[in-house]
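Okay, here's what each chain looks like letter by letter:
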Amino acid sequence: MDRSSRNRNQLPTNLPQLQNLIKRDPTAYRDEFFQQYHHYRALLQLFLLNPSSESKKLEELLMFLSQVAQCYPEEMSTFPDELQTLLRKHCSVLDPELRLTLCRALILMRNKGFVTPQSLLELFF
């Protein structure tokens, strides 16, 4: 197995490396992005069954997706709304670390111009 195919096989588990590669060339890593996005959707469904549980993998995927959201604006257009809805509906029962991660992800997307400041002001205050 050559070096490049071995690196591509490791990408799904190495989110920082994949994040870096996606930011450089979003079209080349579209399939890997969607693999992570589908993994996020599955973890989110499991999380919604018990919103008070902690999920480190979900936290990692939230930060990864918020970092690369601007690379796939059409596919990620509803992502900020999903995070805001999670915070609104489950704020009182969320694990504190997950709640902080959701806020960080939204602020990160706001700093990149992917979320409007008004929506965050309404949510946070």
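Our structure is the block above this text.
Summary of the structure given here. (Residues numbered from 1 in each chain as written. Predicted model: local features only at pLDDT ≥ 70, side-chain atom pairs only at ≥ 80, totals over all residues. Heavy atoms only, no water.)

### Some thoughts on the packing of aromatic side chains
In this description, an aromatic ring pair is defined by two values, namely the gap between the centres and the angle between the planes. Applying the stated rule across the entire model yields five aromatic pairs. Judged by centre distance (4.1 Å) and plane angle (20°), the ring pair of Phe-33 and Tyr-72 falls under stacked. Placement of Phe-33 in helix α3 (residues 30-49) and of Tyr-72 in the loop between α4 (56-68) and α5 (79-90) is noted, with a sequence separation of 39 residues between them. Taking relative accessible area as the criterion, Phe-33 reaches 0% and is therefore assigned buried. A relative accessible area of 1% means that Tyr-72 is categorised as buried. Relative to Tyr-40, the ring of Tyr-37 has its centre 5.9 Å away and its plane inclined at 40°; by these criteria the two rings are tilted. Taken together, the residues span about one helical turn, with Tyr-37 and Tyr-40 both in helix α3 at a distance of three residues. By relative accessible area, which is 12% here, Tyr-37 ends up buried. (Phe/Tyr/Trp six-rings, centres within 6.5 Å; stacked < 30°, edge-to-face > 60°. Helix = DSSP H or I, 4+ residues; strand = E, 2+ residues; numbered from the N terminus. Buried < 20%, exposed > 50% of the residue type's maximum accessible area, 1.4 Å probe, protein only.)

### Considerations on helix α7 (residues 117-124)
Those residues of α7 not exposed but buried are Ser-119, Leu-120 and Leu-123. Looking down the long axis of α7, one finds its buried residues gathered within 95° of arc, a one-sided arrangement. Facing away from the buried side of α7 by more than 90 degrees, the exposed set consists of Leu-121 and Glu-122. On its buried face, α7 is in contact with α5 and α6 (96-111). (Arc of directions from axis to C-beta. Contact = heavy atoms within 4.5 Å.)

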